[in-house]
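As a plain string of letters, each chain reads:
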Amino acid sequence: VQLVESGGGSVQAGGSLRLSCAASGGTFHGMGWFRQAPGKEQEFVTAIAWSTGTTYYVNSVKGRFTISRDNAKDTMYLQMNSLKPEDTAVYYCAARNYGGNYYRRGEYSYWGQGTQVTVSS
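It should be emphasised that the depicted structure is a prediction, and the values quoted were computed from it without experimental measurement.

Cut-offs applied
- Residues numbered from 1 in each chain as written.
- Predicted model: local features only at pLDDT ≥ 70, side-chain atom pairs only at ≥ 80, totals over all residues.
- Heavy atoms only, no water.
- Pairing = 2+ DSSP bridges.
- Helix = DSSP H or I, 4+ residues; strand = E, 2+ residues; numbered from the N terminus.
- Axes fitted to C-alpha atoms, helices over the stretch in contact; angles between N-to-C directions.
- Core = buried A, V, L, I, M, F, W, Y, C linked by side-chain atoms within 4.5 Å.
- Buried < 20%, exposed > 50% of the residue type's maximum accessible area, 1.4 Å probe, protein only.
- Contact = heavy atoms within 4.5 Å.
- Phe/Tyr/Trp six-rings, centres within 6.5 Å; stacked < 30°, edge-to-face > 60°.
- Lys NZ or Arg CZ within 6 Å of the ring centre and 35° of its normal.

Colleague: In this structure, what is going on with the sheet that holds strand β7 (residues 65-70)? I would like to understand it.
Modeller: Across a sheet, strands are paired by hydrogen bonds formed along the backbone, either parallel or antiparallel in direction. Pairing is antiparallel across the open sheet formed by four strands, whose spatial order is β1-β3-β8-β7. Edge positions in the sheet fall to β1 (2-6) and β7, since each of these pairs with one other strand and no more. Strand after strand, the sheet turns through a mean of 15° between neighbouring axes, direction not considered.

Right under this line is the structure:
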């Protein structure tokens, strides 16, 4: 499975960005977004089960970020609203082959190259 992210960029606090992740080359159980800020460990942001549409969010983005998918296009989206400077990070798309704990980084088998999101105050 190959994953290609797009849509990162720079925005002022309170603004919005939409990330996309296009998958090809295989099937998967679900997909998610992780992020890594400078000097910090990579953290789970959100994920979606591909067949059921069940979603998972880290508390810090609930109500501001929305994950969605287009099954026909094998593409996942992350709509980010009310962005804060602390959302600044490289955002990574990931795909997994089975259910289980969607919050665990180690359960994802495929990763994109990452896209930078910068939020200025």
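Colleague: Just checking my understanding: could you explain the nonpolar core for this structure?
Modeller: The tendency in soluble globular proteins is for nonpolar side chains to be buried as a group. Counting 28 residues, the largest nonpolar core has Leu 3, Met 31, Trp 33, Phe 65, Met 76, Met 80 and Tyr 91 as the members making the most contacts within it. Those elements that provide at least two residues to this core are β3 (17-24), β4 (30-36), β5 (43-49), β7, β8 (75-80), β9 (89-96) and β11 (115-120). Residues in contact with Met 80, not counting those within four places in the same chain, are Gly 15, Ser 16, Leu 17, Leu 19, Arg 64, Phe 65, Tyr 91 and Val 117. Ranked by size, the runner-up nonpolar core spans seven residues in total, among them Ala 47, Ala 49, Ala 94 and Tyr 108.

Colleague: How do you make sense of the packing of aromatic side chains when you look at a structure like this?
Modeller: Geometrically, a pair of aromatic rings is defined through the distance of the ring centres and the angle of the planes. Applying the stated criterion to the full structure yields eight aromatic pairs. For the ring pair Phe 34 and Trp 111, a centre distance of 5.1 Å and an interplane angle of 55° mean the geometry is tilted. Separated by 77 residues along the polypeptide, Phe 34 in strand β4 and Trp 111 in strand β10 (residues 110-111) bring together distant segments of the chain. When the ring centre of Tyr 102 is taken as origin, the NZ or CZ atom of Arg 96, which lies over that ring, is 4.3 Å away. Here the basic side chain of Arg 96 rests over the ring of Tyr 108, its NZ or CZ set 4.7 Å away from the ring centre.

Colleague: So what exactly am I meant to see when it comes to the environment of Ala 94 here?
Modeller: Within the fold, Ala 94 resides in strand β9. The spacing of Ala 94 and Ile 48 is 46 residues in sequence and 11 Å in space, taken between C-alpha atoms. Discounting residues that sit within four places of it in the chain, Ala 94 has contacts with Leu 3, Gly 30, Met 31, Gly 32, Phe 34, Tyr 108, Tyr 110 and Trp 111.

Geometry only, nothing functional implied.
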